[in-house]
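Okay, here's what each chain looks like letter by letter:
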Amino acid sequence: MREAGFGAKALALARKDLRGEVRGRDTLPPMLAFALTVALVLAFALPDPAPDSLALRATLAYVRAGFLWITILFSGLIGFARTFEAERVQGALDALLLVPLDRSGLFLSKALTNLIYLALVELLLVPTFVLFFALPVGREWLTLGLVVALVDIGFVAIGTLVASIAAQTRSRELILPLLALPLLVPVFIAAVELTGGLFLGAGLEGVAASGWFGILIAFDVIFTVAGALAFDVTLD
């Protein structure tokens, strides 16, 4: 019988984590509860712009984009904090390292699991934000989805890598945001800039022409590769 390949083993580990979440429901519910609660509270925080106040409309577009991404940021950190929680509680972290799979495969499996959690939260959160804030997305849902996907890749790559470092410490809940937040600043600045422009009517062409779009793609590639390579060190 032929041994499963790299991708099959990584997917099997991701499925194992997802099955554990279906049984325990320890990660998604707090992420969703936080995200939707913050969205509801923030919906009452901003005034409606005057129809003829272009400056105010532009300002509010970027503020609303900031609200959206701050909510996603902290929701994601809640999920990342539990990346290795099941293995830690069960004393199975060492057993995980004995899996016949390169450490980059472990990184990809954990990153894929975190990406799925984050995407599920965003599937509820983004339409909720659009509804609560009456955001003028119009026909640009696919463009917004592209921006969200690119941000998620960089966010998850850094979050998963830093979670592997924090898992080795006693102050996991403190170490994770302290290490992750400075690294995530470029990702979320790009996210706010691109999303704010989208809320002001910039289409796919406007988003793709922005320098932040290129920065975001470069950031995703660099930290995905760096995370896969560094995972061998951070888990030792």
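Scroll up a little and you will see the structure.
Residues numbered from 1 in each chain as written. Predicted model: local features only at pLDDT ≥ 70, side-chain atom pairs only at ≥ 80, totals over all residues. Heavy atoms only, no water.

**Q** How should I be thinking about the overall build of the chain in this particular structure?
**A** Looking only at helices and strands, the chain has ten helices and zero strands in total. Starting at the N terminus, the α and β elements of the chain follow one another as α-α-α-α-α-α-α-α-α-α. Looking at the chain as a whole, 44% of its 236 residues qualify as buried. Long-range pairs, those at least 24 residues apart, make up 80% of the contacts in the chain between residues at least 6 apart in sequence. For the chain, the accessible area works out to roughly 11,900 Å², and carbon and sulfur atoms hold 69% of it. (Helix = DSSP H or I, 4+ residues; strand = E, 2+ residues; numbered from the N terminus. Buried < 20%, exposed > 50% of the residue type's maximum accessible area, 1.4 Å probe, protein only. Contact = heavy atoms within 4.5 Å. Areas by Shrake-Rupley, 256 points an atom, 1.4 Å probe, with all protein chains shown as cover.)

**Q** What is the right way to read the pattern of salt bridges from this model?
**A** Between side chains of opposite charge, a pair can form when the charged atoms approach closely. Within the structure shown, the criterion is met by one salt bridge. Here R82 ties to D26 by a salt bridge, and the two come within 3.8 Å at their closest N and O atoms. Pair noted here: R82 is in the loop between α3 (54-80) and α4 (85-89) and D26 is in the loop between α1 (6-24) and α2 (28-42), with a separation of 56 residues, a long-range link. With a relative accessible area of 32%, R82 lands in the partly exposed category. (Salt bridge = Lys/Arg side-chain N within 4 Å of Asp/Glu carboxyl O.)

**Q** Would you mind showing me how to read the nonpolar core here?
**A** One recurring pattern in soluble globular proteins: nonpolar side chains tend to sit buried together. W69, F129 and F155 are the most contacted members of the largest nonpolar core, which totals 63 residues. Every residue in contact with F155, bar those within four places of it in the chain, is listed here: I72, L73, G76, L77, F80, L118, L184, V187 and F188. (Core = buried A, V, L, I, M, F, W, Y, C linked by side-chain atoms within 4.5 Å.)

**Q** When you look at the environment of K9 in this model, what are you seeing that I'm missing?
**A** Along the chain, the position of K9 falls in helix α1. On the basis of relative accessible area, K9 is assigned to the buried category, the value being 17%.

**Q** Could you clarify how one ought to interpret the packing of helix α6 (residues 103-133) against helix α10 (residues 211-234) in this entry?
**A** A pair of packed helices is captured by two measures, namely the crossing angle of their axes and the spacing between those axes. Where α6 meets α10, the axes come as close as 7 Å, and the angle between the chain directions of the two elements is 125°. What the angle tells us is that α6 and α10 run oblique. As α6 packs across α10, the resulting crossing turns out to be right-handed. Where α6 abuts α10, its residues R103, S104, L106 and F107 lie against T224, G227, A228, F231 and D232. Tallied by class, the residues present in the contact of α6 with α10 amount to four nonpolar, three polar and two charged. (Axes fitted to C-alpha atoms, helices over the stretch in contact; angles between N-to-C directions. Parallel < 35°, antiparallel > 145°, perpendicular 65-115°, else oblique. Left-handed = near helix turned anticlockwise from the far one by under 90°. Nonpolar A, V, L, I, M, F, W, Y, C, P; charged D, E, K, R; others polar.)

**Q** Teacher, can you tell me more about the side chain of T160 here?
**A** Here T160 is to be found in helix α7 (residues 141-166). Within the structure, T160 has its side chain in polar contact with the side chain of N114 (distance 3.1 Å). Look past the residues within four positions of T160 in its chain and what remains in contact with it is F84, F107, K110, A111, N114 and F231. (Polar contact = N/O pair within 3.5 Å; in protein donor to acceptor, adjacent residues only side chain to side chain.)

**Q** Please explain α2 as it appears in this structure.
**A** Because each turn of an α-helix spans 3.6 residues, side chains separated by three or four positions end up pointing in the same direction. Across its 15 residues, α2 extends 21 Å between first and last C-alpha, which sits within 8% of the 21 Å expected from 1.5 Å per residue. Within α2 the residues assigned to the buried category are L28, M31, A35, A39 and L42. Summarising the axial view, the buried residues of α2 lie within an arc of 90°, below the 170-degree limit, and thus occupy one face. Buried-residue contacts for α2 involve α1, α3 and α6. (Expected span 1.5 Å × (residues − 1). Arc of directions from axis to C-beta.)

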